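Listed below are the residues making up each chain.
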Amino acid sequence: MAITPLDDLLSVDTLTGMIKIFSEQSDNRSCTALFSQQARPLLPLGDAASWDEVEYSRHMAPVSGPESPHTRAKRTTTRKRSSAMAYVKAYKDLPSSHLFLNRAPGSDMADAEAVLAIELEDLANLIANTKEFLACGALLGKIDVNPQTVPGSDLNFSVEFGNYQVPANDAWSDPTTKIRSEELIRLQRLYKDRSGINAAIGITEPGVEGSLVKNEEVREFAKEVLGIQIVRFMNLQGVNPQWETLGGLQLRFTDGTYKPEGGQVTRYFPEGRLLVLPAEARMGTVLGWAEGKVHVPAGPVYADAGSALGMIRELRGTYAYAELRTDPMGVRIYAGWHGLPVILNPNAVMVYDTTAGAAPAPAPAPAP
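This write-up is about the structure you can find in this document. (Residues numbered from 1 in each chain as written. Predicted model: local features only at pLDDT ≥ 70, side-chain atom pairs only at ≥ 80, totals over all residues. Heavy atoms only, no water.)

Some details on the overall build of the protein
Definition in use: In DSSP terms, a helix is any run of H or I states spanning at least four residues, a strand is any run of E spanning at least two, and both are numbered starting from the N terminus. Exposure is judged per residue with a 1.4 Å probe applied to protein chains only, and the accessible area is read against the type maximum: over 50% gives exposed, under 20% gives buried, and values in between give partly exposed. Two residues qualify as a contact provided that any one of their heavy atoms is within 4.5 Å of a heavy atom in the partner residue. What sets the accessible areas is the Shrake-Rupley method with a 1.4 Å probe; for residues, cover comes only from the shown protein chains.
When you go through the protein residue by residue, the secondary structure sums to nine helices and 18 strands. By the burial criterion, 43% of the 368 residues in the protein qualify as buried. Within the protein, contacts between residues separated by at least 24 positions form 73% of all contacts whose residues are at least 6 apart in sequence. Summed over its atoms, the accessible surface of the protein is roughly 20,000 Å², and 53% of this surface lies on carbon and sulfur atoms.

This is how it looks when you write it as structure tokens:
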């Protein structure tokens, strides 16, 4: 069996490529997947992400006679927004005995490559969990990082986007609530009044699907055969075709979780919330995904001061690299991500609270 040279195995390109592959686990990270697949890429030059919130005109152009001059229209309203980006980074120390003497999992012999891959995958999962927390926070209207929300963090970091927050008229958990004939129509109209575009995608958690299954009006609409299909093909991690046309929304379900050290299993998505978004074709005008510059070593050792700058390499977003340690002998692997999920148009991101009831309808006009 050919052995990969250690220098090649621990190169920046190899480790960065591996960390990117390992972090792609969309079944548990629906919010991150939405940003990575649909959002507009933002490439900041410094440590802060900047973006424009553009408000388009909603009124009509006037009708004029053939000899009348053109009517002057107002320019679009643009709000400049910016925020520091998050640094998510961690490292692991791998002693030489762990790499070269221990039996690799699932094997009868030592395999340094396999051991390294497992440890790097674990680092990638830790970083991806934090990215999912940030992405879900942005979609729900506020990223809030502190030592309590993200244990181990050494700073307080908060970004509020002002997403459209709407309480339901009647709680969806009540089987008698008119979800299809009243709630979904109200939801669609409020979204259209606020954003000027049609609601197309709904993202929620399995508890809301349970409310739909138990709802008397929906059950009557679905009838027995469709109800059986829904239960039989229930999918907690993506699109359920049975719900695709309900109220004009393509419903997607997410049930991603993480477990803090010494804590309880926690879900990224709060109970009873329904996130409403436009069609995928418009998503690039609503969501942004900023990834900042990062600097990593381009080689294993530094020479004289004059050549040191040539040993620093610039990447963007995700990175991973390794360094040799001599006391004790082993390798330290570093991995991280520098970026920020961004809401470019908060009026087109509605957070509908299905647990609320008997609340006054919010004003449909966009926020000033």
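Section: helix α3 (residues 30-38)
With seven of nine residues buried, α3 lies mostly within the body of the structure. Residues of α3 that are buried include every one of Ser30, Cys31, Thr32, Ala33, Leu34, Phe35 and Gln38, and no others.

Topic: the packing of aromatic side chains
Let me state the cut-off plainly: In summary, the pairing rule links any two rings of Phe, Tyr or Trp, Trp by its six-membered ring, whose centres are within 6.5 Å, and it sorts them by plane angle into stacked for under 30 degrees, edge-to-face for over 60 and tilted for everything else.
Going through the model one piece at a time under the given rule, you end up with eight aromatic pairs. Look at Tyr319 and Tyr321: their rings are 6.2 Å apart centre to centre, the planes differ by 25 degrees, and that puts the pair in the stacked class. Centroid distance Tyr321 to Tyr334: 4.8 Å. Interplanar angle 20 degrees. Geometry classified as stacked. Note that Tyr321 is positioned in strand β16 (residues 318-326) and Tyr334 in strand β17 (residues 329-343), a separation of 13 residues in sequence. As far as burial versus exposure is concerned, Tyr321 and Tyr334 are alike and both buried. These aromatic residues form a ring-pair network of at least three members: Tyr91, Tyr319, Tyr321 and Tyr334.

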